[in-house]
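# Structural characterization, general
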Amino acid sequence: MNKVAKYSLGVTFLFLFGAALFASAAELDIGFRVFDGTEVVKIAAEQPAVSPLRIAKGGTVYGLALVDPGDPNASKIRIKTANNGIKALKKFTPAPLCTGGAFAAGGSSTNGIAFDSVTNSIWAANIDTISKININNGSATTYSPTLGYFPTGVAFDSVTNSVWVVSTPFFGGSPGIVSKININTGAKTDYAVGTSPVNVAFDNVTNSVWVTNSGPGTVSKININTGARTDYAVGTSPSGIAFDNVTNSIWVSLDTPTNSVRKVNINNGTGVNYATGLRPFGVAFDNVTNSVWVANFDSNTVSKININTGSRTDYAVGVGPFNVAFDSFSNSIWVTNFNSNTVSKVNINTGARTDYAVSGPTSVVFDSVNNAMWIANPNSNTVTKMCI
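Below is a short write-up of the structure. (Residues numbered from 1 in each chain as written. Predicted model: local features only at pLDDT ≥ 70, side-chain atom pairs only at ≥ 80, totals over all residues. Heavy atoms only, no water.)

On to the packing of aromatic side chains, then. Tallied over the full model, the rule gives 10 aromatic pairs. Ring geometry for F281 and F322: centres 4.5 Å apart, planes at 25°, overall stacked. One end of the pair, F281, is in strand β29 (residues 280–286); the other, F322, is in strand β33 (residues 321–327), and 41 residues separate them in sequence. On the basis of relative accessibility, which here comes to 18%, the residue F281 falls in the buried class. Residue classification places F322 among the partly exposed positions, given a relative accessible area of 23%. A ring pair is formed by F297 and F322, whose centres lie 6.5 Å apart and whose planes are at 80°; its orientation type is edge-to-face. With a gap of 25 residues between them, F297 in the loop between β30 (291–296) and β31 (301–306) and F322 in strand β33 connect regions that are remote in the sequence. Through pairs of rings, three or more aromatic residues link up here, namely F281, F297 and F322. (Phe/Tyr/Trp six-rings, centres within 6.5 Å; stacked < 30°, edge-to-face > 60°. Helix = DSSP H or I, 4+ residues; strand = E, 2+ residues; numbered from the N terminus. Buried < 20%, exposed > 50% of the residue type's maximum accessible area, 1.4 Å probe, protein only.)

In structure tokens form, the structure reads like this:
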């Protein structure tokens, strides 16, 4: 016989003494809490309902999960069952949001990676393919790059739902290209840029992508809808690039002998240089401390530069820092150290650092869905998913 008990919590308990106790169901948190004598605990609900203890909320009947009292997730609340047994309400323990690991990159010698928050994918610019990697299971779909070109960098554009991939010809002399790729279909349109393009960034203020052209020392601003292009001179061997939506600027790293990062106005291309360490490459924008961070390959440091004043603080990292990414979950900068086979996690406020072993890391990107960092490993043709 079923018994119903009403409480002042706006829910109804249904004790179904004849139901099975040991079948499995998906567990979730529906907001039910109990005080167990010492603390308020979350109780796991089931959908579909399997437990003999039921709760109705919003017109849906859920089961309240029951476990043996000795279970690690048992609460202190006990339930007497039909056969005079004793069970405990189960505490809700969410499954880990992130499961890390190494996944095939879908191509060789990955040069750049980007996170796509629409299809929940990592896009990898490999020397022989462009791959779309599922952030949850690591499965990859590959697309062919333009014949005669190899990809070097990639950026996600959330306005036209595209990724933009910069590629340079296998045999020099010809201009590079940036390819606009539909994230759902893989359809591709190519636009010419300068020679030896290296990297690309998306600017959602002027709805443009910006490409660093190391050959002529320029950046190309490409309209994401029309492909119209404007080039601006920036200096010697531009490589890394990041968009700062606070000062509406593009920040571009300039290699030796300039050894600086240039702040470029996104509307007129005017700019100013700020000194960095030796051989700067990767650049990332941090909107918490309003800074850009630059990886200095030959100095074994990362520079934190105030976006308004240009004041700079350097922090030691591993050997051969190559690229950087900002993680808004733990407020950290992640630096790939190619020559020491490590990734450094740097606190954006204190500079405190933790290193993790990763073989031959180059590019790095933050995945805000799993709260994970993805790292390109060109030596092993893999990408590493590292939970924060």
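Back to the write-up after that little detour.
Successive side chains on a regular strand alternate, one facing one side of the sheet and the next facing the other. Where burial is concerned, most of strand β25 (residues 238–244) is hidden: 7 out of the 7 residues are buried. Two strands pair when backbone bridges link them, and β25 and strand β26 (residues 249–254) are joined in this way by 5 bridges, in the antiparallel orientation. Across the sheet, the residue bridging to I241 is V252, located in β26. What sits between β25 and β26 in their antiparallel hairpin is a turn of 4 residues, with N248 showing a positive phi close to 50°. (Pairing = 2+ DSSP bridges.)

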